[in-house]
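# Tertiary structure, described
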Amino acid sequence: MMKKLSILFAFGVLSASASSALADSTDLADRVINGRYQAVLGDCAACHTKQGGQPFAGGEPLQTPFGALVPPNITPDKETGIGNWSEVDFIRMMKTGTGHNGIRLYPAMPYPAYSKMSDRDLSDMWAYLTTLQPVKNKVVANQLPFPLNIRLSMWGWNLLNFDPAPFVPDEKQTAEWNRGAYLVQGPGHCGTCHSPKSFLGADKDSQFLQGASLQGWYAPNITGDPHIGIGAWSEDEIVTYLRTGSTDKTIASDPMAEAIAQSTSQMKDADLKAIAVYLKSLSASSSDKPAPLKADDGRMVAGAAIYHDTCSACHGMDGKGAMPLFPALAGNSLVQQPSAETLAHVVLAGSQAVYTSSKQTTPAMPSFAWRLSDQQVSDVLTYVRNSWGNAAAPVSAGDVSNIRGSAQD
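This is a predicted model, so every value here is computed, not measured. (Residues numbered from 1 in each chain as written. Predicted model: local features only at pLDDT ≥ 70, side-chain atom pairs only at ≥ 80, totals over all residues. Heavy atoms only, no water.)

## Some remarks on the UniProt feature "domain: Cytochrome c" (unreviewed entry) in the chain
Here the UniProt-annotated "domain: Cytochrome c" (unreviewed entry) positions come out as residues 30–133, 175–283 and 298–388. With 43% helix and 6% strand, residues 175–283 has end C-alpha atoms that lie 19 Å from one another. Between the C-alpha atoms that bound residues 298–388 the distance is 18 Å, and the span itself is 41% helix and 4% strand. (UniProt positions renumbered as here; feature names shortened; annotations may be inferred. Helix = DSSP H or I, 4+ residues; strand = E, 2+ residues; numbered from the N terminus.)

This is the structure in structure tokens:
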């Protein structure tokens, strides 16, 4: 009898241990799956994966106004990655900008936004990163000139510009709105690109998402402004744009195309909808729509002739385009931004639409740098920005020359 009881007891202990182990492994699998999704929300691969390189093993240089920074290797390699970090190190870095061994990060790594992420999401992201294949790839991240290369300077920067406050839901808003606010302000770090910067490189919170220059491109206003923002976009159009990279209004290019390919196209539909709900709720800026240039202005006359010969076959004489291949220019808020940096880039270097699983056709625009002078590009852009109901500041040949030079660097 005692022998049978012992066997039964042992069997019960083994069963309980097996059940506990199964539960632990299931919980870890769920954490890793959620962690991978958090990395998608945070667009980690876009910065930390060099074109043609191994995933997360170190990225392309980021050209900041202060110099070059290179996103580091975040695979679990012990020598060149984060293999010697602990979970506590990782969460502290994401929350405060202070990494392993007390090394201070530069805000090109958007920890001011990531600090709003929940500890659970960051813990799951860590669990996912530990499952990556370790890659030995030493990256010299800090390439700033003296004295900016002294990381201790970030102590003062944080003191002046960084409040590591967690995201706090607005009880007056819906759960969907709060989810969108969390994604935009936190892991999505939309303000890192779309908010104007102070002379120290900090986000101007009073102009949140009202447009900013970024590595020679212009991240447009994405508030409810009807002229230069997305006030005329529907929620469904915002979702479609984030999922596919295009709508009847526009096609994403370069930095935004990359963000769509690596991040938003892989997000859940509910999260895209939440982002759209939140963005549509943001108040428009107080800027007034300018008066368009008159049609008999010399720049408009010259630009009209160039547009007729070079652009009208695809975009139409009426500027209405022919989607899904050629976006409309008439009434296009992206065309009317305060800065024409992105437009000049596209004309000079051309553009290829982003490939996504839900929209696999990737129409392209050829480069016209070989054919059009700086003055001709400025004239045609001035014409486009002030025709068919559009109204925006004229573009100078000097502006185009600067863009041409930066594109060739």
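## Considerations on the packing of helix α12 (residues 298–310) against helix α15 (residues 374–384)
Put simply, α12 and α15 touch, their axes get as near as 7 Å, and they point 95 degrees apart. With respect to α15, the axis of α12 lies roughly perpendicular. Note on element contacts: α15 touches α12 through Gln376, Asp379, Val380, Thr382, Tyr383 and Val384, opposite Arg299, Met300, Ala302, Gly303, Ala304, Ile306 and Tyr307. Residue classes in the contact of α12 with α15 are distributed as eight nonpolar, three polar and two charged. (Axes fitted to C-alpha atoms, helices over the stretch in contact; angles between N-to-C directions. Parallel < 35°, antiparallel > 145°, perpendicular 65-115°, else oblique. Contact = heavy atoms within 4.5 Å. Nonpolar A, V, L, I, M, F, W, Y, C, P; charged D, E, K, R; others polar.)

## Quick notes on the UniProt feature "binding site: heme c 3" (unreviewed entry) in the chain
Here, UniProt's "binding site: heme c 3" (unreviewed entry) annotation points to Cys311, Cys314 and His315. Dropping the residues within four chain positions of it, Cys314 is found in contact with Gly321, Ala322 and Phe326. Within the secondary structure, His315 is located in helix α13 (residues 312–315). The contacts of His315, once residues within four sequence positions are left out, are Tyr307, Lys320, Gly321, Phe326, Pro327 and Leu329.

## Some points on the pattern of salt bridges
Under the criterion given, the structure shown has 14 salt bridges. The shortest N-O distance in the salt bridge between Lys136 and Asp77 comes to 3.7 Å. Of this pair, Lys136 sits in the loop between α5 (119–129) and β3 (142–143) while Asp77 sits in the loop between β2 (67–69) and α3 (87–96); the two residues are 59 residues apart in sequence, bridging distant segments of the chain. For Arg92, the salt bridge is made with Asp89, and the minimal N-O distance between the two is 3.0 Å. In this pair, Arg92 and Asp89 are both assigned in helix α3, three residues apart and thus about one turn of the helix distant. You can call Arg92 partly exposed: its relative accessible area is 31%. Take Asp89: its relative accessible area is 11%, and that puts it in the buried class. Three or more residues joined by partner-sharing salt bridges are found here, namely Arg31, Arg120 and Asp124. (Salt bridge = Lys/Arg side-chain N within 4 Å of Asp/Glu carboxyl O. Buried < 20%, exposed > 50% of the residue type's maximum accessible area, 1.4 Å probe, protein only.)

## Some words on the packing of aromatic side chains
Enumeration according to the criterion identifies nine aromatic pairs in this entry. Measuring from ring centre to ring centre gives 6.3 Å for Phe56 and Tyr128, while their planes differ by 80 degrees; the resulting arrangement is edge-to-face. Residue Phe56 is found in the loop between α2 (44–48) and β1 (62–64), and its partner Tyr128 is found in helix α5; the two are separated by 72 residues along the sequence. Their ring planes at 55 degrees and their centres at 5.2 Å tell us that Tyr307 and Trp388 sit as a pair that is tilted. Of this pair, Tyr307 sits in helix α12 while Trp388 sits in the loop between α15 and α16 (397–408), and the two are 81 residues apart along the sequence. Residue placement shows Lys268 over the ring face of Tyr37; its charged tip is 4.8 Å from the ring centre. (Phe/Tyr/Trp six-rings, centres within 6.5 Å; stacked < 30°, edge-to-face > 60°. Lys NZ or Arg CZ within 6 Å of the ring centre and 35° of its normal.)

## Concerning the side chain of Asn386
Looking at where Asn386 falls in the secondary structure, it is placed in the loop between α15 and α16. You can call Asn386 buried: its relative accessible area is 6%. Beyond its immediate stretch of four places on either side in the chain, Asn386 contacts Ala291, Pro292, Leu293, Met300, Ala391 and Ala392.

## Examining helix α9 (residues 235–244)
Of all the residues in α9, the buried ones are Ile238, Val239, Tyr241, Leu242 and Thr244. Taken together, the buried residues of α9 touch α10 (254–262) and α11 (269–281). Looking one or two places after α9, you find Gly245, whose phi comes out positive at around 90 degrees.

## Points about the confidence of the model for the chain
Chain-level pLDDT for the chain is 87 on average; 91% of the residues reach the 70-or-more range. Confidence, read as mean pLDDT per element, is least for helix α1 (residues 2–41) in the chain (68) and greatest for helix α7 (residues 175–185) (98). (pLDDT = per-residue confidence, 0-100.)

## Digging into the sheet that holds β3
Pairing in this open sheet of three strands is antiparallel, and the strands run β1-β2-β3 from one edge to the other. Edge positions in the open sheet fall to β1 and β3, since each of these has one partner strand only. In this sheet, β3 lies alongside β2 in antiparallel orientation, the contact comprising two bridges. For Ala68, the partnering residue across the bridge sits in β3 and is Gln143. (Pairing = 2+ DSSP bridges.)

## Describing the domain arrangement of the chain
According to the domain assignment, the chain contains domain 1 (24–135 + 142–161), domain 2 (175–281) and domain 3 (298–407). With centres defined by C-alpha atoms, the gap from domain 2 to domain 3 works out at 21 Å. Counting from both sides, the interface comprises 25 residues of domain 2 and, opposite them, 27 residues of domain 3. For the domain 2 and domain 3 pair, buried surface summed over both sides reaches about 2100 Å², with 58% attributable to carbon and sulfur atoms. Where domain 2 meets domain 3, there are zero salt bridges. For the interface between domain 2 and domain 3, the tally reads eight residue pairs in polar contact (both at pLDDT 80 or more). (Domains from an automatic or database assignment. Buried area = accessible area lost by both parts, 1.4 Å probe. Polar contact = N/O pair within 3.5 Å; in protein donor to acceptor, adjacent residues only side chain to side chain.)

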